[in-house]
Amino acid sequence: MNQQLPTDQFDATDAASNAPLICFSHLRWDFVLQRPQHLMQRFGRDRQVFYFEEYIPTDHHLAYLEYHPFAGTEIVAVRPRIPHWWDEAAREQALAGLLDTMLRLHRIVAPVLWFYSPMMFSFAKHVEASVVVYDCMDELANFRFAPPRLAELEAELLNRADVVFTGGASLFAAKRGRHDNIHAFPSSVDVSHFAKARGATAPAGDLASIPGPRLGFYGVIDERIDMALLEQVAKARPNWSLVMVGPLAKIEQRDLPRVANLHFLGQRNYADLPAYLAGWDVALMPFAINDATRFISPTKTPEYLAAGVPVVSTPITDVVSEYGALDAVRIASTAEDFIAQCELALKLKQADWLPSVDDKLAAMSWDQTFRQMSHLIDKAAGQDRSFMRAPAIRNSQRRSAYDVVIVGAGFAGSVLAERLAADGGQRVLLCDRRNHIAGNAYDKLDAAGILVHQYGPHIFHTNSDDIVSYLSRFTAWRPYEHRVLAAVGDQRVPMPINRTTLNMLYNLKLGCDADAEEFLRSRAEPISELRSSRDVVINQIGSELYRTFFEGYTRKQWGLDPSQLDKAVTSRVPTRHNEDDRYFLDSFQAMPLHGYTAMFENMLDHDNIDLALGVDFEDIRAEKLAPRTIYTGPIDEYFGHRFGALPYRSLAFRHETLDQRRFQPVAVVNFPDEAVPYTRITEYKHLTGQVHRQTSISYEFPQDGGDPYYPIPRPENAALYKQYAALAQTHPEVSFVGRLGTYKYYNMDQVVGQALAHYRRMNLGVTTAAEAMS
């Protein structure tokens, strides 16, 4: 039968491309009207749509295609017929050949390929497409009789897809780490269609003989339906009529409960559903809680509500999270509670709950979903492989005289250069021995066109509105909350340690903050006097967690045992009693929209600033180009290591580009095991939001030699620095700013804050070296 959607008004102008669309679906077009049919009907308004269904066995000796055009639309259902005795290899070869024949006969070039079933990707993967879409409505691998190859083919499809859509929030959460361009689209609803039930005076004809009150369900009846629950409810309330509308799938008539007041009516047309809803007093969603229902986001929930019928459901995750706060939606975990919630729903007055439901449904139309998906598909079709332009960094000719020379083009030096030039009207020479600006925050496009951080991941976070306001002059922002996992054996657990970490490591079920706090307290080993990093961690969480997460990692990171390091090192790594897995808790967490280098380029784009990149300060020092110097390099280096070299820990990186879309579920995975030579792996597309068929990662190796990264927090090092700080006070013409200039680790926002504060002091005439370092 040719089911047609009601004619709705929508604007298709967002769909810039009219390329033919081939939708591969495991659902028959005329089986049950679900998400594929709703969307394809709309896409079919401005392009040819072929709805390619799963094959049907035939007694014919050859494979062939059936074409089923639908009047008034550009939709053609394509039904492959394959001899029933052919094996899988022969079927795959035949389906690929039939698809090629269809493309040739209809002169289809570079279509949009849209997959609902990964199994169908196996014979269509060879087709050149303008865009490949994977619309993942359910976790099909969890369904009964799922094909063995499904997981393998889904992995291939995810790697090939240009854009991925999921059903509800839970499925999105499960899949989001597997693709770089994935978007959640929970259930939508055609409100005007189902609202017909509100004003209907008579229910569907075959309900007339079924006495009320009637409690109904429509949809596919399969292993997701809790048959035992239906039987219990029907037997406990013989005066209720339970009405089940829909086709059976993967179960037989003999599997259905036999109770007099439980009625299975079979499949009905989409157009007739409002008439059935008009005859129901309560709508049911009696889903079993099993693997097949773990990630479902039932479309029928908003459809029931649009019809003006209250809903009683088992605790399906997406139903609870999306609708559980509505008075019209009741959630029940047991048969007894299900019955009680049905009784409460029968007493509800529609006028009390319908306004809040209508407010929610107003933003859930299929037309809106279609427009959003169209935009994302068009964007994927035009995705610029380069992601962003390469910054046009300029290296200016030095002039004869400057007001100030700034050494180091990282955060400290660049912020001060911008303030002195733009606000102070001073002529600035900014030099850096590296051939680029942005210091360690420097990012660039690698050979594959992926934006990477050359010197390891830099994540911006701050609690300072002033710092955000200042940097926002030079960049827009991409919201980003950093999450880190730690590799412990085969597990990847949240870091910092939180309640989820503990539950995963110890197979616990700590249910609240107090439980986690008590568990950690029981593990803690109090130490009376905290002297080292080791003492801090063991005092807080005990020896076992210390060895698991901190001992090996710290030894690799610092080249020292934690017992040799100042206690301040591990004070920066908190533990939590809740499930918050964000690495930082600052009020502002974001990444520069086009990268750090582009932000620095904007910051330094001023006529009063000259850049001398690839120039060592020592090579121009004797020229005395300015009466004042701001030095952001190592303070001991400025003084020729007069008292000895200040120790630093350095880093080496191994950058790789992989021929896959995702490598790991979060941007950074730590490796605390001392036997693993690197400390962490970073995948940069998580940080930047870039969409690209490949992904770039870096392995991080701490080492002694190389560029200075981290001042080593030891008492003797602090004493050595004080000697240099005292010497700096005898040189009022030089200011020492930043991490290296003050031998202290700062986050990026702290460096910006220090530089801005130094500029304010300069304006007040407070510019001695000592005050610059305060």
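In what follows, the accompanying structure is described. In this text, all values refer to a predicted model and were calculated from it rather than measured experimentally. (Residues numbered from 1 in each chain as written. Predicted model: local features only at pLDDT ≥ 70, side-chain atom pairs only at ≥ 80, totals over all residues. Heavy atoms only, no water.)

Section: the overall build of the chain
Okay, step 1: A tally of regular secondary structure across the chain gives 27 helices and 32 strands.
Okay, step 2: Counting only C-alpha atoms and orienting by the principal axes, one finds that the chain spans roughly 100 × 65 × 55 Å.
Okay, step 3: The buried share among the 774 residues of the chain stands at 56%.
Okay, step 4: Of the contacts formed within the chain by residues at least 6 apart in sequence, a portion of 73% connects residues at least 24 apart.
Okay, step 5: Accessible surface, the chain as shown: approximately 32,400 Å² in total, 49% of it carbon and sulfur.
Okay, step 6: Taking the average location of the 79 positive side-chain charges in the chain and that of its 94 negative ones, the two points are 1 Å from each other. (Helix = DSSP H or I, 4+ residues; strand = E, 2+ residues; numbered from the N terminus. Buried < 20%, exposed > 50% of the residue type's maximum accessible area, 1.4 Å probe, protein only. Contact = heavy atoms within 4.5 Å. Areas by Shrake-Rupley, 256 points an atom, 1.4 Å probe, with all protein chains shown as cover. Lys, Arg positive; Asp, Glu negative; His and termini not counted. Charge placed at Lys NZ, Arg CZ, Asp CG, Glu CD.)

Thoughts on the pairing of strand S17 (residues 428-432)
Okay, step 1: Burial runs high along S17: 5 of the 5 residues are buried.
Okay, step 2: Of the two faces of S17, the one holding Val428, Leu430 and Asp432 and the one holding Leu429 and Cys431 are both buried throughout.
Okay, step 3: With 4 bridges joining them, strand S16 (residues 404-407) and S17 adopt parallel strand pairing. Paired with valine 405 across the two strands is leucine 429, which belongs to S17.
Okay, step 4: In the classification by handedness, the crossover that spans S16, the intervening helix H15 (residues 411-423) and the parallel S17 is right-handed.
Okay, step 5: Two strands pair when backbone bridges link them, and S17 and strand S25 (residues 609-613) are joined in this way by 5 bridges, in the parallel orientation. Of the residues in S25, the one forming a bridge with aspartate 432 is leucine 613. (Pairing = 2+ DSSP bridges. Right-handed = clockwise from strand over helix to strand, strands pointing away.)

Observations regarding the nonpolar core
Nonpolar side chains tend toward joint burial in soluble globular proteins.
Okay, step 1: Core analysis: the largest hydrophobic core is formed by 107 residues, its most contacted members being Ile406, Phe411, Leu471, Leu502 and Phe549.
Okay, step 2: No other element matches the 8 residues that helix H19 (residues 533-558) contributes to this core.
Okay, step 3: The residues touching leucine 502, leaving out its near neighbours within four places in the chain, are Ile497, Asn507, Leu508, Leu510, Ala516, Phe519, Leu520 and Leu545.
Okay, step 4: In this structure, Tyr270, Leu284, Leu305 and Val329 belong to the second largest nonpolar core, which totals 60 residues. (Core = buried A, V, L, I, M, F, W, Y, C linked by side-chain atoms within 4.5 Å.)

So, the pairing of strand S26 (residues 628-631)
Okay, step 1: Residues Arg628 and Ile630 point to one face of S26 and Thr629 and Tyr631 to the other, with burial holding for every one of them.
Okay, step 2: Pairing analysis gives 4 bridges linking S16 to S26, with the strands arranged parallel. Within the sheet, the bridge partner assigned to isoleucine 406 lies in S26 and is isoleucine 630.

Remarks on the packing of helix H1 (residues 35-43) against helix H14 (residues 366-381)
Okay, step 1: Interhelical geometry of H1 versus H14 gives an angle of 70° and a closest axis separation of 10 Å. In this view, H1 runs roughly perpendicular relative to H14, as classed from their interaxial angle. Every pair of crossing elements has a handedness; the one defined by H1 and H14 is right-handed. Taking contact as the criterion, the partners of Arg35, His38, Leu39, Arg42 and Phe43 in H1 are, on H14, Trp366, Asp367, Thr369, Phe370, Met373, Ser374 and Ile377. (Axes fitted to C-alpha atoms, helices over the stretch in contact; angles between N-to-C directions. Parallel < 35°, antiparallel > 145°, perpendicular 65-115°, else oblique. Left-handed = near helix turned anticlockwise from the far one by under 90°.)

Some remarks on empty space enclosed by the protein
Okay, step 1: On inspection of all chains with the given rule, the structure shows 7 cavities of 30 Å³ or more.
Okay, step 2: Here the largest cavity defines a volume of roughly 60 Å³.
Okay, step 3: Lining the largest cavity are 12 residues, with Met591, Pro592, Gly595, Leu687 and Thr688 sitting closest to its centre.
Okay, step 4: A breakdown of the residues in the lining of the largest cavity according to their chemical character gives 7 nonpolar, 3 polar and 2 charged.
Okay, step 5: Lining of the second largest cavity is provided by Pro186, Ser187, Ser297, Pro298, Thr301, Asp318, Val319, Glu322 and Tyr323.
Okay, step 6: For the lining of the second largest cavity, the leading source of residues is helix H11 (residues 317-323), giving 4 residues.
Okay, step 7: Across the lining of the second largest cavity, the residue classes tally to 4 nonpolar, 3 polar and 2 charged. (1 Å grid on protein atoms, 1.4 Å probe; cavity = no way out; pocket = protein on both sides within 12 Å on 5 of 7 lines; lining within 4 Å. Points joined across faces, edges and corners; volume = space filled by probe spheres on them. Nonpolar A, V, L, I, M, F, W, Y, C, P; charged D, E, K, R; others polar.)

Brief notes about the packing of aromatic side chains
Okay, step 1: All chains considered together, the criterion is met by 44 aromatic pairs.
Okay, step 2: Both rings, one in tryptophan 114 and one in phenylalanine 165, keep their centres 5.8 Å apart while their planes meet at 50°; by these two values the pair is tilted. Here the residue tryptophan 114 occupies a position in strand S6 (residues 112-115), and phenylalanine 165 occupies one in strand S8 (residues 163-166), the gap between them amounting to 51 residues. Of the two residues examined, tryptophan 114 and phenylalanine 165, each falls in the buried class.
Okay, step 3: With a centroid separation of 5.9 Å and 65° between ring planes, the pair formed by phenylalanine 617 and tyrosine 631 is classed as edge-to-face. With phenylalanine 617 in helix H21 (residues 617-620) and tyrosine 631 in strand S26, the pair connects residues that are 14 residues apart, well separated along the chain. (Phe/Tyr/Trp six-rings, centres within 6.5 Å; stacked < 30°, edge-to-face > 60°.)

Notes on the sheet that holds strand S24 (residues 588-592)
Okay, step 1: Pairing is antiparallel across the open sheet formed by 3 strands, whose spatial order is S20-S24-S21. Of all the strands in the sheet, just strand S20 (460-462) and strand S21 (477-479) have a single pairing partner and so form its edges. The sheet shows a mean angle of 40° between the axes of neighbouring strands, taken without regard to direction.
Okay, step 2: Inspection of the sheet shows S20 paired to S24 by 3 bridges, in the antiparallel sense. If you follow phenylalanine 460 over to S24, its bridge partner there is alanine 590.

With respect to helix H17 (residues 499-506)
Okay, step 1: For H17, the full list of buried residues reads Arg499, Thr501, Leu502, Asn503 and Tyr506.
Okay, step 2: Contacts made by the buried residues of H17 are with strand S23 (491-495), helix H18 (513-523) and H19.
Okay, step 3: Looking at where H17 begins, the residue whose side-chain oxygen comes 3.0 Å from the main-chain nitrogen of threonine 500 is asparagine 498.
Okay, step 4: With its phi angle positive at about 55°, asparagine 507 sits one or two positions after the end of H17. (Polar contact = N/O pair within 3.5 Å; in protein donor to acceptor, adjacent residues only side chain to side chain.)

Any functional reading would require information beyond the geometric quantities listed.
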